[in-house]
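Take a look at the letters that make up each chain.
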Amino acid sequence: MKRFLAFVSKEFKHILRDYRTLLILFGMPIAQILLFGFAITNEIKDAKIAILDFSKDNTTQEISNKILSSGYFLLYKNLSSTRDIEPAFKEGIIKEVIIFEPEFGKNLEKSKLANIQIIADASDPNLANMLIGYTSSIILDYQKDLLKGKTLPPIINTDIKMLFNPNLKSVFMFVPGLMAVILLLVSAMMTSISIAKEKELGTMEILLVSPLNPLQIIVGKVVPYFFISLINYIIIIILAKYVFLVPITGSIFLLILESVLFLLTSLSLGILISTISNNQQTALMISISALMLPAIILSGYIFPVENMPLPLQVISNIIPAKWFIIIVRGIMLKGVSFSYIVTETAVLAGMTLFFVLLSIKKFKIRLE
Amino acid sequence: MRIIYIILKKEFLQIFRNKSMIPLIFFMPVLQLLVLSNAATYEIKNIKFNIVDYDQSHFSRELISKFTASNYFVLNDVSFSVENSEESFKKNQAKLIIHIPKDFEKNFRSQGLSGVQLVINAEDGSAAGIINNYALNITRDLNIDMAVESSVMPEPVPMINIDYSNWYNSELDYITYMVPGILVVLVTMIGTFLSGMNVVKEKEIGTIEQLNVSPIKKYQFITGKLMPFWFIGIGELAFGLLIGIIVFKIPMLGSPLIIFMLASVYMFVVLGMGLLISTLTNTQQQAMFIAWFFLVLFILMGGIFTPVESMPAWAQAIAYFNPVAQFNRAMRMIMLKGSGFKDVLPTLYFFIVYASVMMSLAVWRYRKTES
């Protein structure tokens with residue numbers, strides 16, 4: 001035991017001495033959560049548009065002003081002919097063109113029908129959808145003002161209730177995923193690289209001939225990263241709760257237990273990766289391509305899994321982060337009790353066991 | 001020249017000898033491209049919804065049939081309690097509850113005003129926004145139908161007809177949108193990581209000393225170190241473009257030549273960044289972490305997954321100085337919109353300046369002597 005403790009303290013010293021890595025380790029989660037909280041939103045701001053006004057009357061002026069004063073749009077330039085549209089889009093700055101037909105105001109008054117055309121740059125489909133939605137709702141709003149004082153047909157009102165996230169904040173959605181990615185990064189990636197490093201530098205040999213048994217070596221390697229991950233994790237929770245006001249509606253005790261389970265999954269994955277890679281670069285490349293990218297893309301962190309094609313939905317089941325994200329969202333946002341997440345927990349536990357057994361089988365006491 | 005050639009030969013030998021790296025450098029990006037471009041979609045289909053209908057009238061059934069008939073919604077469950085129905089949110093079975101109160105039809109007929117409640121699972125804020133839009137469109141349609149049916153339009157009211165078109169991707173296909181962005185991510189990651197870890201590896205193993213005492217000049221060393229990764233990066237881009245065009249049928253409206261011209265300068269930005277990182281660090285672990293940190297920032301703020309327009313003004317200003325954002329924008333412009341050389345010229349200038357700054361910093365930081 002004393003030997004083991006000495007080994008763990010050696011590992012801690014290794015890590016704590018390297019202040020650059022340490023800075024990044026703790027700076028990364030903070031930077032990412034601030035980024036998601038402040039910089040990535042679901043709302044459009046200052047999208048640059050062009051207006052092609054064939055009519056140039058009071059009505060079109062009023063509508064243009066209403067659109068431009070909404071805060072969503074910035075007028076980049078006024079066009080004078082349909083021939084200007086294509087080059088304007090190709091320049092890559094404007095995202096939308098609004099076209100008013102000739103005699104717009106007159107048509108609206110006389111024949112009660114006037115035409116507006118909106119052209120969006122759909123090379124970004126999501127943005128195009130949002131821009132068209134915003135523009136048309138502003139125009140519909142203007143139209144509603146025109147209808148004031150007129151008798152209206154009977155109407156169904158729709159009352160919307162947004163459950164779990166009334167202000168539709170994107171940070172609510174990202175925090176659970178961010179936890180998974182940071183835990184994976186620190187535990188799986190750091191562990192695998194630090195063991196691969198001993199192999200690459202040849203110091204693994206020295207450890208293996210020491211009186212420590214292989215199990216102690218591996219556990220000793222893992223312990224410091226376990227604690228660093230835990231501290232990181234707590235920082236994320238505190239920031240999420242107190243800076244971005246993400247609620248923790250469920251039991252915090254359950255949340256921490258589940259997170260420790262996921263930590264063990266990540267650590268066992270890290271060990272597994274290190275047993276199959278002989279140098280740091282290989283360990284890094286495997287960690288990134290087999291762990292990090294899938295955890296970001298296929299886990300539901302940014303893109304909802306249920307929108308993906310079926311084969312990918314099936315594949316997403318083997319990604320531990322997916323299960324962890326379901327668990328965390330359930331506990332934090334929806335306040336579910338353990339009975340709702342039994343399946344997810346069992347899957348994570350099963351995966352951990354599998355990775356541990358596989359690592360033991362793959363672990364070589366002797367170097368080749 | 002001969003010296004550079006020899007270093008190049010050594011580097012290529014080292015890369016291709018490492019058996020476990022070859023599949024990672026060459027196959028993983030392809031696999032990622034195939035998987036990621038399919039996975040990265042905000043398109044929402046088959047939204048499962050529950051019905052709580054306390055009214056059970058002709059009118060409420062009409063509303064429900066409007067939902068089931070649309071392409072976006074799939075009926076999950078019918079029940080008589082909103083609380084029970086909300087349970088299915090917790091079990092991740094449904095995203096929307098349509099709650100129709102008692103006297104829904106009666107109120108509409110007698111008072112001309114009636115209400116329906118939509119409860120949306122808003123865990124995912126942006127998805128909730130989209131579901132809300134779809135649902136509102138359906139109730140708006142119903143309102144128009146009813147107005148026509150009851151024909152109580154007393155006088156013609158002024159109407160503005162909005163006609164919209166989506167240019168350059170009229171089907172709003174996400175794969176078309178994602179592939180150029182993912183190619184940018186792949187090229188950037190491969191370039192930064194490979195170059196970032198390479199020099200630092202020589203430092204860590206101690207072989208840098210042997211190189212330092214050799215007659216190799218600084219510039220020869222750096223050229224020899226970077227060229228292999230430049231070729232790998234450009235080769236990967238070419239391969240990725242081919243896959244995009246052949247497998248995903250991505251349009252290539254502009255000239256591939258312009259893409260490669262931009263990419264060849266962009267690679268120097270990326271490699272310069274990697275090299276700078278490796279001169280600032282002592283171990284591969286540090287290098288990797290710093291590289292990862294900046295890449296994540298650059299990529300997330302690069303407009304690849306979320307539009308730059310959805311960031312606040314200060315973040316949009318920063319995005320201008322983000323090479324990933326610039327390359328991503330240029331790739332989409334050239335491939336999807338057919339922008340020409342003139343349109344991407346500012347980006348090219350930007351890359352040239354950026355690359356020179358990065359390279360000079362890296363060369364300046366690289367010292368043969370121990371500090």
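Not measured: the values here are computed from a predicted model. (Residues numbered from 1 in each chain as written. Chains lettered and ligands numbered in written order. Predicted model: local features only at pLDDT ≥ 70, side-chain atom pairs only at ≥ 80, totals over all residues.)

Caption draft 1: Representation of the overall build of chain A within the structure. What chain A contains, in helices and strands, is 14 helices and five strands. At 28 Å, chain A has a C-alpha radius of gyration far larger than the 21 Å of a compact globule built from 368 residues. C-alpha atoms of chain A, sized along the principal axes, occupy 95 × 45 × 40 Å. Counting the 368 residues in chain A, one finds 43% classified as buried. Across chain A, the fraction of contacts at a sequence separation of at least 24, relative to all contacts at a separation of at least 6, is 79%. (Helix = DSSP H or I, 4+ residues; strand = E, 2+ residues; numbered from the N terminus. Rg over C-alpha atoms; globule rule 2.2 N^0.38 Å. Buried ≥ 20, exposed ≤ 12 C-beta atoms within 10 Å, placed from the backbone. Contact = placed C-beta atoms within 7 Å.)

Caption draft 2: Up close: the overall build of chain B. Along the backbone of chain B there are 14 helices and five strands. In terms of overall dimensions, chain B is more spread out than a globule: its C-alpha atoms have a radius of gyration of 29 Å, far above the 21 Å expected for 371 residues. Across its three principal axes, chain B shows a C-alpha extent of roughly 95 × 45 × 40 Å. For chain B, the proportion of its 371 residues judged to be buried stands at 43%. Across chain B, the fraction of contacts at a sequence separation of at least 24, relative to all contacts at a separation of at least 6, is 79%.

Caption draft 3: Local environment of unusual backbone geometry. Unusually for a residue other than glycine, K56(A) sits at a positive phi of about 50°. Within the fold, K56(A) resides in the loop between β1 (47-53) and α3 (58-68). For K56(A), a count of 13 C-beta atoms within 10 Å puts it in the partly exposed group. With phi around 65°, D103(B) is a residue other than glycine that occupies positive phi space. As for its position among the elements, D103(B) is in the loop between β3 (96-100) and α5 (104-111).

Caption draft 4: Seen up close, the interface of chain B and chain A. Each partner contributes to the interface: chain B provides 102 residues, whereas chain A provides 96 residues. Residue contributions to the side of chain B that touches chain A peak at 14 residues, all from helix α6 (residues 125-150) of chain B. Here the residues of the side of chain B that touches chain A are counted per class, giving 56 nonpolar, 32 polar and 14 charged. (Nonpolar A, V, L, I, M, F, W, Y, C, P; charged D, E, K, R; others polar.)

Caption draft 5: Examining the environment of K66(B) more closely. Residues and elements named next belong to chain B. Relative to the elements of secondary structure, K66 occurs in helix α3 (residues 58-69). Judged by the 16 C-beta atoms lying within 10 Å of it, K66 is partly exposed. Sequence separation between K66 and I138 is 72 residues, and the spatial gap between their C-alpha atoms is 6.8 Å. The contacts of K66, once residues within four sequence positions are left out, are I138, D141 and L142.

Caption draft 6: Local environment of the packing of helix α7 (residues 174-205) of chain B against helix α9 (residues 218-246) of chain B. All names here are of chain B. Taken N-terminus to C-terminus, the directions of α7 and α9 make an angle of 160°; their axes are 10 Å apart at the nearest point. One finds that α7 runs roughly antiparallel with respect to α9. Between α7 and α9 lies a crossing whose hand is right-handed. Contacts from V179, L183, L186, V187, I190, G191, L194, S195, N198 and V199 in α7 reach K225, L226, F229, I232, G233, E236, L237, G240, L241 and G244 in α9. Of the residues in the contact of α7 with α9, the class split is 12 nonpolar, six polar and two charged. (Axes fitted to C-alpha atoms, helices over the stretch in contact; angles between N-to-C directions. Parallel < 35°, antiparallel > 145°, perpendicular 65-115°, else oblique. Left-handed = near helix turned anticlockwise from the far one by under 90°.)

Caption draft 7: How the structure looks around helix α13 (residues 323-337) of chain B. Residues and elements named next belong to chain B. Taking 1.5 Å per residue as the helical rise, α13 with its 15 residues ought to reach 21 Å, and the 20 Å between its terminal C-alpha atoms agrees with that figure. Summarising burial for α13: 15 of the 15 residues are buried, a large majority. Residue G338 follows α13 closely and has a positive phi angle near 70°. (Expected span 1.5 Å × (residues − 1).)

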